Amino acid sequence: SILTLSMVLITAVSTPLIKLLYDPSGQFMRAKRRTLEDLRPSADLRLLTCVYGEDHAAPLIDLLEASAGASRESPVSLIVLHLTELVGRAASVLKPHRAARKSSSGGPTPSDRIMNAFRHLEQQAAPGAVTVSPYVAQAPYSSMHHDVCSLAHSRKANLILLPFHKSSDGARSTANNSIRSINRAVLQYAPCSVAILVDHGLAAGSACATTANSFLQRAALYFLGGPDDREALAYAARMPDAGNMSLTVVRFKLRNWVGMGGSDEARDEEVLHQFWTRHRDNDRVVYVEKTVEDAEGTASVVRSMSEKFDLLIVGRRGGDDKDLESSAALTSGLSDWSEFPELGVLGDMLASAEFASRVSILVIQQQPVKNTTGC
């Protein structure tokens, strides 16, 4: 009885003590900062694409096909991770994917079908433009984000691409709160930038369907200012080079605003100038400026323009940084009835029922300079 009681007491004390003293996310906080904004246009773009199920594969592939801008001069290294829940007491597994041997039924596994779809994307691209590295992970939902962050860290990814936890087939929508928790944890601890794709009809069909004819033709970027919006611009800047993709960059400005000349505001002007200088002669690129009075004006412009596009790209914080007063004023009050805070101000508004249409949303967060401690 004394021995049993001692084991119970030791376990009760040691478990919270270990959680307090050992932070698995520490290695990610010490990692070298990896962002798209700091990446040279000709450098190898390393994308970690996470897939929870076969339904997530087709929209992600369609997005990558239309926006990655892969070529021999600007290659893309695509790291594909299929995440599945671990049931029981078995140890978590993170390993490269190997095609399963033919079973008695002779059919491929879900992981095989997902990886075959991404392999098709690799084969359709120019030789050497896209390289696919497939991985599979089995872990409890509570610790699954560690596998995502660990793989992104070891493979030196620049961007983690996640599917949204809600999916819709046009008639009904389903939500998975476990996936939502994983996405939130990845946003907090990721060693690189993170993007969440809210699919409202990018690609229909199973994961093994080909996507030779992209559903994406027109994309728009809403730029309010701040590091997340600059990261979104860095990703969107690759789209005109990807094929038939057209891009409209909408810059929001606050009327009668006198800038304070901060480093972020200066950086915003610099990256916009570089973007327009690079794409000035491209007929598929349009740059417009919208001057509004307040957040209501921002919402009005977004409502009037959004349905003209197939894909909307926004920064996660949507310019709602406390250090950027003009950007905060552009979205002040829009988050009062926030349903999906992980999408930021504009992303949450666009993903709401009012905007639920065939327009899909890509929300991008730049890796913070300093991650939050604790796990």
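So, here's what we can say about the structure. (Residues numbered from 1 in each chain as written. Predicted model: local features only at pLDDT ≥ 70, side-chain atom pairs only at ≥ 80, totals over all residues. Heavy atoms only, no water.)

1. Remarks on the overall build of the protein
The cut-off we apply is this: Only DSSP runs of H or I with at least four residues qualify as helices, and only runs of E with at least two residues qualify as strands; both kinds are numbered from the N terminus onward. Here the term buried applies to any residue with accessible area under 20% of the maximum for its type, exposed to any over 50%, and partly exposed to those in between, with areas from a 1.4 Å probe on protein chains only. Here, Shrake-Rupley sampling with a 1.4 Å probe gives the accessible areas, and only protein chains in the shown set may cover a residue.
The number of helices and strands found in the protein is 11 helices and 13 strands. The buried share among the 375 residues of the protein stands at 49%. When the accessible surface of the protein is totalled, it reaches about 18,500 Å², and 51% of it is carbon and sulfur.

2. A word on the pairing of strand S2 (residues 76-85)
Where we set the bar: Any two strands are treated as partners once DSSP identifies two or more bridges connecting them.
With 8 of its 10 residues buried, S2 lies for the most part within the structure. In the sheet, strand S1 (residues 45-51) pairs with S2 via 7 bridges, with the strands oriented parallel. Within the sheet, the bridge partner assigned to Val51 lies in S2 and is His82.

3. Quick look at helix H6 (residues 177-189)
The test is simple: How far a helix is expected to stretch is found by multiplying one less than its residue total by 1.5 Å. Distance and chemistry together define a polar contact, namely a pair of N or O atoms within 3.5 Å, with one atom able to donate a hydrogen and the other to accept it when in protein, and with adjacent residues in sequence counting only for side-chain atoms on both sides.
The terminal C-alpha atoms of H6 lie 19 Å apart, and with 13 residues this matches the ideal 18 Å at 1.5 Å per residue to within 8%. When we look at burial in H6, the residues that qualify are Ile179, Arg180, Ile182, Asn183, Ala185, Val186, Leu187 and Tyr189. Between the side-chain oxygen at the start of H6 and the backbone nitrogen of Ser178 there is a gap of 3.0 Å, and the oxygen is on Asn176.

4. Quick notes on unusual backbone geometry
Excluding glycine, a negative phi dihedral is what most residues carry, and trans is how most peptide bonds are arranged. The phi angle at Lys156 is positive, at roughly 55°, despite the residue not being glycine. Relative to the elements of secondary structure, Lys156 occurs in the loop between helix H5 (144-154) and strand S5 (159-163).

5. A look at the state of the cysteines
Test applied: The criterion for a disulfide is a pair of cysteine sulfur atoms lying within 2.5 Å.
Per the counting criterion, the structure on display carries 0 disulfides. Cys149 forms no disulfide, and the closest cysteine sulfur to it belongs to Cys192, at a distance of 7.9 Å. Judged by its relative accessible area of 0%, Cys149 falls in the buried class.

6. What to know about the packing of aromatic side chains
Short version of the rule: Only Phe, Tyr and Trp rings are paired, with Trp represented by its six-membered ring, and only when their centres lie within 6.5 Å; those with planes under 30 degrees apart are stacked, over 60 edge-to-face, the remainder tilted.
Applying the stated criterion across every chain, the model contains 3 aromatic pairs. Ring geometry for Tyr222 versus Phe252: centroids 5.9 Å apart, planes at 70°, classification edge-to-face. Note that Tyr222 is positioned in strand S9 (residues 218-223) and Phe252 in strand S10 (residues 246-254), a separation of 30 residues in sequence. Exposure remark for Tyr222: the relative accessible area of 0% places this residue in the buried category. A relative accessible area of 2% places Phe252 in the buried class. A centroid spacing of 6.1 Å and a plane angle of 35° characterise the contact between Trp276 and Tyr287, whose relative ring orientation is tilted. Here Trp276 is found in helix H8 (residues 263-279), whereas its partner Tyr287 is found in strand S11 (residues 285-292), with 11 residues between them in sequence. Exposure remark for Trp276: the relative accessible area of 26% places this residue in the partly exposed category. Of the residues examined, Tyr287 reaches a relative accessible area of 23% and is grouped as partly exposed.

7. With respect to the pattern of salt bridges
Defined as follows: The salt bridge definition used is simple: a Lys or Arg side-chain nitrogen within 4 Å of an Asp or Glu carboxyl oxygen.
Under the criterion given, the structure shown has 13 salt bridges. A salt bridge links Asp44 to Arg46; its shortest N-O distance comes to 3.4 Å. Measuring nitrogen to oxygen at the nearest pair gives 3.1 Å for the salt bridge that ties Asp310 to Arg218. With Asp310 in the loop between helix H9 (295-306) and strand S12 (311-315) and Arg218 in strand S9, this pair connects stretches of sequence that are 92 residues apart. One connected set of salt bridges, linked through shared partners, spans Glu37, Arg230, Arg267, Asp268 and Glu270.

8. Re the environment of Glu307
With respect to the helices, strands and loops of the structure, Glu307 is situated in the loop between H9 and S12. Separated by 51 residues in the primary sequence, Glu307 and Arg358 have C-alpha atoms spaced 8.3 Å apart.

9. Concerning the environment of Val93
How we decide: Any two residues whose heavy atoms approach within 4.5 Å are treated as being in contact.
Within the fold, Val93 resides in strand S3 (residues 93-96). Given a relative accessible area of 28%, Val93 falls into the partly exposed group. Each C-alpha atom, one on Val93 and one on Val136, is 7.8 Å from the other, the two residues being 43 residues apart in sequence. Setting aside its immediate chain neighbours within four residues, Val93 contacts Val136, Ala137 and Gln138.

10. Things to note about helix H4 (residues 110-124)
For H4, built from 15 residues, the straight-helix expectation of 21 Å at 1.5 Å per residue is met to within 8% by its first-to-last C-alpha distance of 22 Å. Here H4 has its buried residues at Ser111, Asp112, Ile114, Met115, Ala117, Phe118 and Leu121. Residues of H4 that are buried make contact with S1, helix H3 (54-67), S2 and strand S4 (130-139).

11. Comments concerning the packing of helix H7 (residues 227-236) against H8
Put simply, the rule is: With axes taken as lines fitted to C-alpha atoms, and helix axes fitted only over the stretch in contact, angles between N-to-C directions fall between 0 and 180 degrees. Note on terminology: angles under 35 degrees are roughly parallel, angles over 145 are roughly antiparallel, angles of 65 to 115 are roughly perpendicular, and the others are oblique. When residues are sorted by character, Ala, Val, Leu, Ile, Met, Phe, Trp, Tyr, Cys and Pro go into the nonpolar class, Asp, Glu, Lys and Arg into the charged class, and all the rest, Gly among them, into the polar class.
At a closest axis distance of 10 Å, the pairing of H7 and H8 adopts a crossing angle of 10°. Comparing the axis directions of H7 and H8 gives the class roughly parallel. Across from Pro227, Arg230 and Leu233 in H7, the residues of H8 making contact are Asp264, Arg267, Asp268, Val271, Leu272 and Phe275. Grouping the amino acids of the contact of H7 with H8 by side-chain chemistry returns 5 nonpolar, no polar and 4 charged.

12. Description of the packing of H9 against helix H11 (residues 344-351)
Using the following cut-off: Handedness of each helix crossing follows the sense of rotation of the near helix against the far helix: counterclockwise by less than a right angle gives left-handed, clockwise gives right-handed.
Relative to each other, H9 and H11 sit at 50°, their axes nearing to 12 Å. Here H11 runs oblique to H9, going by the angle between their axes. In this structure, the crossing between H9 and H11 has a hand that is right-handed. Only Leu346, Met349 and Leu350 of H11 make contact with H9, whose side of the interface consists of Thr298, Ala299, Val302 and Ser306.

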